Amino acid sequence: MSDTVRLPTPADTYDFGRRLAALLRPGDLVLLTGPLGAGKTALTQGIGAGLGVSGDVTSPTFVIARVHRPDPARGGRTALVHADAYRLGDAADPRAEIDDLDLDASVEDSVTVVEWGEGLAEHLTDAHLRIRLDRRDDDTRFVELDPVGGDWAGRLRALDGRLSESA
């Protein structure tokens with residue numbers, strides 16, 4: 001089962017992330033894939049806003065991973081670990097590079113979002129949500145939600161009512 005959502009603007013991508021955050025809970029792993037400029041960071045920024053984390057959510061390309069703590073003043077309920085595996089993968093065992101980040105140490109207590117994580121980070125949890133983003137020439141994004149294991153399919157059905165808000 002997968003759903004595809006059309007997001008006409010970058011702001012819609014951010015807003016979709018906010019709505020998606022309502023489904024997320026500690027222990028969730030979200031893997032984002034798609035070409036450069038497809039909206040992975042904008043989606044994560046929306047997730048961070050929806051989770052009520054402190055600080056700006058920016059691309060962690062050069063630091064590889066950032067932890068954003070919940071901000072009670074913003075309604076924060078769980079931490080967001082935002083990782084970017086774009087620069088990883090040159091090693092003989094690229095999964096070992098993900099392991100070196102110790103993401104598994106915080107995965108149970110946080111929502112973990114890994115950009116460019118497909119093929120590298122799935123082993124961190126038994127179930128995850130894979131999100132593929134694609135950007136068209138007119139800046140429209142298409143987001144494909146692909147639940148892998150666990151209760152993701154049921155949780156995404158709960159999101160269906162919110163999907164029409166994005167179209």
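Treat the numbers as computed from the prediction; the structure is a model and nothing was measured.

Engineer: An account of helix α2 (residues 40–51) is requested, with residue identities and associated values reported.
Structural biologist: With 12 residues, α2 extends 16 Å from end C-alpha to end C-alpha; this agrees with the ideal 16 Å at 1.5 Å per step. The buried fraction of α2 amounts to 10 of the 12 residues, a majority that puts the element mostly inside the structure. The complete set of buried residues in α2 reads Lys40, Thr41, Ala42, Leu43, Thr44, Gly46, Ile47, Gly48, Ala49 and Leu51. Where α2 is buried, its residues meet α1 (10–21), β2 (29–33), β4 (79–84), β5 (110–115) and β6 (128–135). Downstream of α2 by one or two residues, Gly52 has phi in the positive range, about 70°.

Engineer: Please give an account of the nonpolar core that cites residues and values.
Structural biologist: Among the nonpolar cores identified, the biggest contains 27 residues, and Phe16, Ile47, Leu80, Leu129, Ile131, Val143 and Leu145 are the most heavily contacted of them. Elements represented by at least two residues in this core include exactly β1 (3–7), α1, β2, α2, β5, β6, β7 (141–148) and α5 (152–166). Counting residues in hydrophobic clusters, the runner-up holds 5 residues, among them Leu29, Leu31, Ala83 and Val114.

Engineer: Can you tell me about unusual backbone geometry, naming the residues and giving the values?
Structural biologist: Phi at Asp139 is positive, roughly 80°, even though this residue is not glycine. You can see Asp139 is positioned in the loop between β6 and β7.

Engineer: Now, about the environment of Arg74: what can you tell me, with residues and values included?
Structural biologist: Mapped onto the elements, Arg74 comes out in the loop between β3 (65–68) and β4. In the structure, Arg74 is positioned 25 residues away from Ala49 in sequence and 8.4 Å away in space, judged by C-alpha atoms. Excluding anything up to four places from it in sequence, Arg74 contacts Ala49, Gly52, Val53, Ser54 and Gly55.

Engineer: Now, about the side chain of Thr140: what can you tell me, with residues and values included?
Structural biologist: Structurally, the position occupied by Thr140 is in the loop between β6 and β7. Taking the relative accessible area as the measure of exposure, Thr140 reaches 4% and is therefore buried. Among the polar contacts listed, one links the side chain of Thr140 to the side chain of Asp138, at a separation of 2.9 Å. If we ignore the near neighbours within four places in the chain, the residues touching Thr140 are Arg6, Leu7, Pro8, Asp134 and Arg135.

Engineer: Go over the packing of α1 against α2, please, and point to the residues and values.
Structural biologist: Close contact between α1 and α2 brings their axes to 6 Å; oriented N to C, the two are set at 40°. Accordingly, the angle class assigned to the pair α1 and α2 is oblique. Here α1 and α2 pass one another in a crossing that is right-handed. Across the interface between the two elements, Pro10, Thr13, Tyr14, Phe16, Gly17, Arg18, Leu20 and Ala21 from α1 touch Ala42, Leu43, Gln45, Gly46, Ile47, Ala49, Gly50 and Leu51 from α2. By residue class, the composition of the contact of α1 with α2 is 10 nonpolar, 5 polar and 1 charged.

Reading guide: rules and limits
- Residue positions are given per chain, counting from 1 as you read along its sequence in written order.
- Note on the predicted model: pLDDT of at least 70 is required for a residue's local features to be given, and 80 or more for side-chain atom pairs to be given and counted; whole-chain, interface and lining totals, by contrast, use all residues.
- Hydrogens are left out, water is left out, and the side-chain values use all remaining heavy atoms of the structure.
- Helix and strand assignments follow DSSP, with helices taken as H or I runs no shorter than four residues and strands as E runs no shorter than two, numbered in order from the N terminus.
- Here, expected helix span is obtained from the residue count minus one, scaled by 1.5 Å.
- Relative accessibility under 20% of the residue-type maximum defines a buried residue, over 50% an exposed one, and the middle range a partly exposed one, all with a 1.4 Å probe and only protein chains included.
- The contact rule is simple, with two residues in contact once any of their heavy atoms fall within 4.5 Å.
- Residues grouped as a nonpolar core are buried Ala, Val, Leu, Ile, Met, Phe, Trp, Tyr and Cys residues, joined through side-chain atoms within 4.5 Å.
- Any N or O atom pair separated by 3.5 Å or less is treated as a polar contact, with the protein-specific requirement of one donor-capable and one acceptor-capable atom, and with residues adjacent in sequence counted only for side-chain atom pairs.
- Between N-to-C directions, angles span 0 to 180 degrees; the directions come from axes that are lines fitted to C-alpha atoms, helices contributing only their stretch in contact.
- Should an angle lie under 35 degrees it is considered roughly parallel, over 145 roughly antiparallel, and from 65 to 115 roughly perpendicular; all remaining angles are considered oblique.
- By definition, turning the near helix anticlockwise from the far helix through less than a right angle yields a left-handed crossing, and turning it clockwise yields a right-handed one.
- Each residue is assigned to one of three groups, with Ala, Val, Leu, Ile, Met, Phe, Trp, Tyr, Cys and Pro labelled nonpolar, Asp, Glu, Lys and Arg labelled charged, and all others, Gly among them, labelled polar.

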